[in-house]
2 protein chains.
Amino acid sequence: MEVIATIRALDERLSEAGRVAFVPTMGNLHEGHLALVRLARAHGDTVVVSIFVNPLQFGPNEDYHKYPRTLAEDCAKLESVGCDVVFAPTVTEMYPTPQQTEILPPPVADELCGAFRPGHFRGVATVVAKLFNIVQPSVAVFGKKDYQQLFIVRSMVRELNFPIQILAGETVRADDGLALSSRNAYLSGAQRAEAPRLYRSLGAVAAAIAQGERDYPALEASARRELESHGWRVDYVSVRDAATLALPQGNPPQLVVLGAAWLGETRLIDNVEVTPSGTPSVAV
Amino acid sequence: MEVIATIRALDERLSEAGRVAFVPTMGNLHEGHLALVRLARAHGDTVVVSIFVNPLQFGPNEDYHKYPRTLAEDCAKLESVGCDVVFAPTVTEMYPTPQQTEILPPPVADELCGAFRPGHFRGVATVVAKLFNIVQPSVAVFGKKDYQQLFIVRSMVRELNFPIQILAGETVRADDGLALSSRNAYLSGAQRAEAPRLYRSLGAVAAAIAQGERDYPALEASARRELESHGWRVDYVSVRDAATLALPQGNPPQLVVLGAAWLGETRLIDNVEVTPSGTPSVAV
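Our subject in this report is the structure included herewith. These numbers were taken from a predicted model, which means no experiment stands behind them.

1. Re the sheet that holds strand S7 (residues 165-169) of chain A
Residue and element names in this part refer to chain A.
Working step 1: The 6 strands lie next to each other as S1-S4-S3-S2-S6-S7, forming an open sheet whose pairing is parallel. Each edge of the open sheet is held by one strand with a lone partner, namely strand S1 (2-4) and S7. The average angle at which neighbouring strand axes cross in this sheet is 25°, direction not considered.
Working step 2: In the sheet, strand S2 (residues 20-25) pairs with strand S6 (residues 139-143) via 2 bridges, with the strands oriented parallel. When the bridges of S6 are listed, Ala 21 appears paired with Val 139.

Okay, here's the thing in structure tokens:
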């Protein structure tokens, strides 16, 4: 496995790399990332993982500076799952001049997490477009844990005609249900014990929908109250059409329940996909 | 030469095309376009020319619907200069769904022509990014006649890391100096006789700068008055730093004098590059 820091060196390494499968990350890798790398391994001749904490997607009061950077440990993990190339550029390599050309993502980028993190998905889409052009993969893998990000990347690839297939990796969870996330490292012991409630609350909404409940605002409010009563500060709990991330109109075949909430200074997100039952249990 | 209308068919045609040199156009081709194609011919194994009148770059009151569409004549001309593939997609092929992901170009896109055509360069940058991803060229050729467009495309390629070399083609002019443009076809006989004044006026500004004049606002105002006194409606005449398109700060090594003005219902643009003399003729 090679660790490469410059675009020029990466170009040389990939000049005869065959079909490249790519996993962009911000490092501090956990089993969730490694599952994405295994998926990439099954879809390419050469697996490239990027590790880059992208300043463009952090707000001025967010955790860019304290975001954990653990390159040596990350590389050891990546080697164990068959990664061929780690691309770990500096900020200057990625942004040698102020980034004035950006990707403007679809309007849904201003909802859900985007409503609480203005400009976040513009920064994500921009760095992903740059990485796509640098790595030129045939396949790229993103996790469902960042469901809205996956949706925006898929929209960008389709609407800007990137010749890249996007694969989605399932969310990997701890035994108690908590979705693995680099930000879990910020949690105290007590917060870590409380953290799985986010997944349980979203799951309860999904279960009710699966059983025919259609009053989504009531379900959302109930989940929010449950979290707030246990000390969470809730950004949102929202039931969306999984195909469009819009509010459900009519009877979409697949929904997703998304949530973002804070435990102390740590913001956690999660989501649960659900297929609504055919027969609503309440008349609306 | 093949004429191809779908992305899928183009992919097949280009699967073993070697080094592709690409010229994006809106059709209604003249000698200016053909010079770009000859330049492309010298830089690629396969020359692809796209012909697509892009609705995204026209304002609601602009000439999208009346823009001349002359595919058969265009193809005959392209074959004569060694084009291999004409890509002429429908609007539906390029925009099967509403375009919600766009390229946000640098702030200078809101100045000069962008100040008079809001969103124009966003539409240009977006369709160029799409075409780059569809055609995947090694080289792409743009004309200096659309100087601001060339600047914005170069910025996009550099800042989004497109693996594409951009070549600039010199402006081709009629014997009387008028820059060739599809929109010249809109001019009446009298307007056509008047039209070269735009180039002469910009050239007079450039000549004064070459001789040491540094009072750019005075030169711009003089060119504007000259045009207005001959019936033009002037959008702008502006002296800019050729490297940044910003207003000149200090003594940039290369300037460009850009102008846009209307004769009746027809908007013409042109520009003249100039190297300022070392010794200003006026103290400022």
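2. So, the interface of chain B and chain A
Working step 1: Of the residues lining the interface, 25 residues belong to chain B; the matching set on chain A comes to 25 residues.
Working step 2: Note on chain B versus chain A: buried area summed over both sides is about 2200 Å², and carbon and sulfur give 50% of it.
Working step 3: For the interface between chain B and chain A, the tally reads 0 salt bridges.
Working step 4: For the pair chain B and chain A, the interface holds 14 residue pairs in polar contact (both at pLDDT 80 or more).
Working step 5: Those elements that provide at least two residues to the side of chain B that touches chain A are strand S5 (102-104), helix H6 (120-135) and helix H7 (147-159) of chain B.
Working step 6: Take the side of chain B that touches chain A: its biggest share by element is 6 residues, from H6 of chain B.
Working step 7: By residue class, the composition of the side of chain B that touches chain A is 13 nonpolar, 8 polar and 4 charged.
Working step 8: In this sheet, S5 of chain B lies alongside strand S5 (residues 102-104) of chain A in antiparallel orientation, the contact comprising 3 bridges. When the bridges of S5 of chain B are listed, Glu 102 of chain A appears paired with Leu 104 of chain B.

3. Details of the packing of aromatic side chains
All names here are of chain B.
Working step 1: The tally for this structure, following the rule as stated, stands at 14 aromatic pairs over all chains.
Working step 2: Centre to centre, the rings of Phe 22 and Phe 132 are 6.4 Å apart; their planes meet at 75°, and the pair counts as edge-to-face. Placement of Phe 22 in strand S2 (residues 20-25) and of Phe 132 in helix H6 is noted, with a sequence separation of 110 residues between them.
Working step 3: Judged by relative accessible area, which is 0%, Phe 22 ranks as buried.

4. Notes on the relation of the copies chain B and chain A
Working step 1: The two copies are related by a screw operation: chain B maps onto chain A through 180° of rotation and 0.0 Å of translation along the axis, at an RMSD of 0.0 Å. Such values leave the two copies arranged in the relation of a two-fold axis. Within chain B, Ile 103 of chain B has its C-alpha nearest the rotation axis, a separation of 2.4 Å.
Working step 2: When you check the interface residues of chain B against chain A, 100% turn up at the interface there too, and the contact is symmetric in its surfaces.

5. Observations concerning the state of the cysteines
Working step 1: Tallying each qualifying case throughout the model produces 0 disulfides over all chains.
Working step 2: Between Cys 83 of chain B, a free cysteine, and Cys 75 of chain B, which holds the nearest cysteine sulfur, the sulfur-to-sulfur gap is 8.0 Å.

6. With respect to the sheet that holds strand S10 (residues 266-274) of chain B
All names here are of chain B.
Working step 1: Spatially, S8-S9-S10 is the arrangement adopted by the 3 strands of the open sheet, whose pairing is antiparallel. On the outer flanks of this sheet lie strand S8 (233-241) and S10, each paired with one strand and no other. Each neighbouring strand pair of the sheet contributes to a mean axis angle of 10°, computed without reference to strand direction.
Working step 2: The pairing of strand S9 (residues 255-263) with S10 spans 9 bridges and is antiparallel. Note that in S10 the partner of Trp 262 across the bridge is Arg 267.

7. Structural notes on the nonpolar core
Working step 1: Phe 132 of chain A together with Phe 132 of chain B are the most contacted members of the largest nonpolar core, which has 96 residues in total.
Working step 2: Ignoring any residue separated from it by four or fewer positions in sequence, one finds Phe 132 of chain A in contact with Phe 22, Pro 137, Ala 140, Phe 142, Val 153, Met 156, Val 157, Phe 162, Ile 164 and Ile 166 of chain A.

8. Things to note about the pattern of salt bridges
All names here are of chain A.
Working step 1: Considering all chains together, one arrives at 32 salt bridges over all chains under this definition.
Working step 2: One salt bridge connects Arg 13 with Glu 2, and the closest N-O pair in it is separated by 2.7 Å. You can see Arg 13 sitting in helix H1 (residues 7-14) and its partner Glu 2 sitting in strand S1, a full 11 residues away along the chain.
Working step 3: Given the relative accessible area of 27%, Arg 13 is considered partly exposed.
Working step 4: Glu 2 sits in the partly exposed class, given a relative accessible area of 38%.
Working step 5: A salt bridge links Arg 117 to Glu 62, with the nearest nitrogen and oxygen atoms 2.6 Å apart.

What counts as what
- Residues numbered from 1 in each chain as written.
- Chains lettered and ligands numbered in written order.
- Predicted model: local features only at pLDDT ≥ 70, side-chain atom pairs only at ≥ 80, totals over all residues.
- Heavy atoms only, no water.
- Pairing = 2+ DSSP bridges.
- Helix = DSSP H or I, 4+ residues; strand = E, 2+ residues; numbered from the N terminus.
- Axes fitted to C-alpha atoms, helices over the stretch in contact; angles between N-to-C directions.
- Contact = heavy atoms within 4.5 Å.
- Buried area = accessible area lost by both parts, 1.4 Å probe.
- Salt bridge = Lys/Arg side-chain N within 4 Å of Asp/Glu carboxyl O.
- Polar contact = N/O pair within 3.5 Å; in protein donor to acceptor, adjacent residues only side chain to side chain.
- Nonpolar A, V, L, I, M, F, W, Y, C, P; charged D, E, K, R; others polar.
- Phe/Tyr/Trp six-rings, centres within 6.5 Å; stacked < 30°, edge-to-face > 60°.
- Buried < 20%, exposed > 50% of the residue type's maximum accessible area, 1.4 Å probe, protein only.
- Least-squares fit on C-alpha atoms with pLDDT ≥ 70 in both.
- Disulfide = S-S within 2.5 Å.
- Core = buried A, V, L, I, M, F, W, Y, C linked by side-chain atoms within 4.5 Å.

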